[in-house]
Amino acid sequence: MTAFDSTFLDLGRLDSLSYNNTIIHRIDPRAKLIVTVVFIMAVVSFPKYALTGLIPFFTFPILIAYLAELPIGFLFRKLVIVSPFALFIGIFNPFLDREVITRLGFMNITGGWISFASVILRFILTVSAALILIATTSFPGICNALDRLKVPRIFVIQLMFLYRFIFVLTEEALRMVRARRIRAVDQKHPSFKLFVQMLGLLFIRTLDRAERIYLAMQSRGFDGEVRTLKKLSFTFGDLAFVCLFLLLFAILRLTNSSQLLGNLLLKAFQ
Amino acid sequence: MHMADALISPTVGATFAAVSGAAVIYSARKLKESANEKIVPLMGVMGAFVFAAQMINFTIPGTGSSGHLGGGMILAILLGPHGGFLTLASVLIVQALFFGDGGLLALGCNIFNMAFWTCFVAYPLIYRNIVRQGSRPAAMTLGIIGAVLVAIQLGAFSVVIQTLLSGRSDLPFLSFVLLMQPIHLAIGLVEGLVTAAFIAFVKKVRPEILEAGTTSIPGTQVPIRKALVGLSIFALVTGGILSWFASRHPDGLEWSIKKITGATEISEPIDGVIPMLGSIQKKTALFPDYEFKDTKAPPKEENQIEQTQIDQNASMISPGTTVAGVVGSLMTLVLACFIGFAIKRRKRRAS
């Protein structure tokens, strides 16, 4: 299986996960969007050398992933293959910041290693929050939330179009890539010239298909507005969800619970 | 390259989110004024096209390594600056959600780095000035490659500035610039070549699309100066307000000011808002002292003997605290997982 195949399958799997019906999936998309954004803000707002303070924040993704019955292994695999720009930049820290800050047993620990570890923790927390949001909310749900949060209508509608076309066009591209691969086994990727031709062909097919679909939609009365049967209502439960998690994030941000727990444990054993 | 949540501070993230959000609203308004409703589905389709095209890898000539398309300038050329901007922003949203490329808070930064420079600076100032109706193919290629190169250089430079202002990385400004700009010169050249070849292909097969892109879609003539001035004022104001709030905590901006001025502490006025805020912080904040290292650690004194330095240096944390931190963190993780398992078990029993 090529990288393209697995990306395409992952896309479909995330999409189908988002149509499950669990306690988390039923919560209003706006509530989940707000909670996720505040979560990321809280994680990112920790100072550069924060480490123990970040750990308790893992409660949120783990809790939601279990409640929403998401496959943890799948999410973890997605996390690993994410483009590692943050880690690429972060890995310089241990070489640049060599000031010894603390000791653990025989090891001297420098500031650079701690800030690098902090970047890794931030990376895992923020990326998993985004993946969990999409896996529990569905893309149309998020579009709906954006619409209700007064994001310009034109932008939201074209976002919905984009999403509907992604699967069709990615499949088309996948077929072209496969067809070339079969005809040229020894060449892993197409040459520059062939690539441009493939791109052009994909583009022409895209336009023709878009034209057909647009005409079909117009003949069925499409007027630029996307209507859904599912009525969104912000219930008391949604409000409770938001308040509960905001309170949790505030507590975790303002106290260092894992340090407190550690102190307590060490004292108890002394 | 996508800016990541893990590297930015809330101030930087929120400032750029505000700027990109304003640019989205501005572009949407401009499109609405042009009342070309057919362009909205076309934007969606083109966004999906770029998304699918990005997944096809090709062999970069002369190197043997593989690369893929970015597609920003293609969108700007085919849809005009406003349509192109909105479409590229949507592609970035989908990437952030489904692939975790960048992140939700860094989305504003990424839209700014990739879509803003491409559609509102490189496209009108370079592409539109070189390529006109009936331009010769050579001029077209030149205009496209030039525009793409400038857009990607500006984007890479923005990544450097954003990382620096956030203060999560120790990379000094100069080495970071020397690391980023040459890599992106190569990336920009390849992207420019692909874009130019693709546009030439479209011109050959479906010339009417390109003509439509430059003539019938209104709003191609952007009053670019007005938009730029307005946006930069907006950016300065939001950034200023946010960093004023953020400066209550030792945050990125403060850190970078420290790096630039070389001073360990900026002398604070004795009366006024800052000491007042400071005292509020001391009263309300439980957290300034618990982390491994206080950002305002006193400068290291070199002439001390190493042993006493370890004992006396205020930035050193006693090993006991460290052990407690490690034990506590592990326990917290175990607890979090345990809660998860408990939920799963109960659910299985219930079903």
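Residues numbered from 1 in each chain as written. Chains lettered and ligands numbered in written order. Predicted model: local features only at pLDDT ≥ 70, side-chain atom pairs only at ≥ 80, totals over all residues. Heavy atoms only, no water.

A. Here's a closer look at the pattern of salt bridges. This structure, assessed with the given rule, holds nine salt bridges over all chains. Between B:Asp170 and A:Lys48 there is a salt bridge whose closest N-O contact spans 2.4 Å. Within this pair, whereas B:Asp170 is found in the loop between α5 (137–166) and α6 (173–205), its partner A:Lys48 is found in the loop between α2 (29–44) and α3 (59–67), the two belonging to separate chains. Owing to a relative accessible area of 10%, B:Asp170 belongs among the buried residues under this scheme. The shortest N-O distance in the salt bridge between A:Glu172 and A:Arg209 comes to 2.9 Å. Taken as a pair, A:Glu172 in helix α9 (residues 153–183) and A:Arg209 in helix α10 (residues 192–219) lie far apart in primary sequence, 37 residues in all. Through salt bridges with shared partners, a single network forms among A:Glu172, A:Arg175, A:Arg205 and A:Arg209. (Salt bridge = Lys/Arg side-chain N within 4 Å of Asp/Glu carboxyl O. Helix = DSSP H or I, 4+ residues; strand = E, 2+ residues; numbered from the N terminus. Buried < 20%, exposed > 50% of the residue type's maximum accessible area, 1.4 Å probe, protein only.)

B. View of the interface of chain B and chain A. The partner chain A presents 104 residues to the 112 residues of chain B that form the contact. Overall, the association of chain B and chain A removes approximately 9,600 Å² of surface from exposure, summing both partners, and the carbon and sulfur fraction of that is 77%. Put simply, chain B and chain A have two salt bridges between them. A salt bridge links B:Arg206 to A:Asp208; the nearest nitrogen and oxygen atoms lie 3.0 Å apart. At the boundary of chain B and chain A, one finds ten residue pairs in polar contact (both at pLDDT 80 or more). Take the side of chain B that touches chain A: its biggest share by element is 23 residues, from helix α12 (residues 319–350) of chain B. Tallied by class, residues from the side of chain B that touches chain A come to 75 nonpolar, 24 polar and 13 charged. (Contact = heavy atoms within 4.5 Å. Buried area = accessible area lost by both parts, 1.4 Å probe. Polar contact = N/O pair within 3.5 Å; in protein donor to acceptor, adjacent residues only side chain to side chain. Nonpolar A, V, L, I, M, F, W, Y, C, P; charged D, E, K, R; others polar.)

C. Geometry of a nonpolar patch on the surface. All names here are of chain B. On the surface, a cluster of nonpolar side chains totalling about 400 Å² of accessible area is made up of Phe-157, Phe-173, Leu-174 and Leu-178. In terms of residue count, the dominant contributor to the nonpolar patch is α6 (three residues). Summarising the element assignment, Phe-157 is placed in helix α5. (Patch = residues over 30% accessible without salt bridge, like charges linked within 9 Å, V, L, I, M, F, W, Y side chains within 5 Å. Areas by Shrake-Rupley, 256 points an atom, 1.4 Å probe, with all protein chains shown as cover.)

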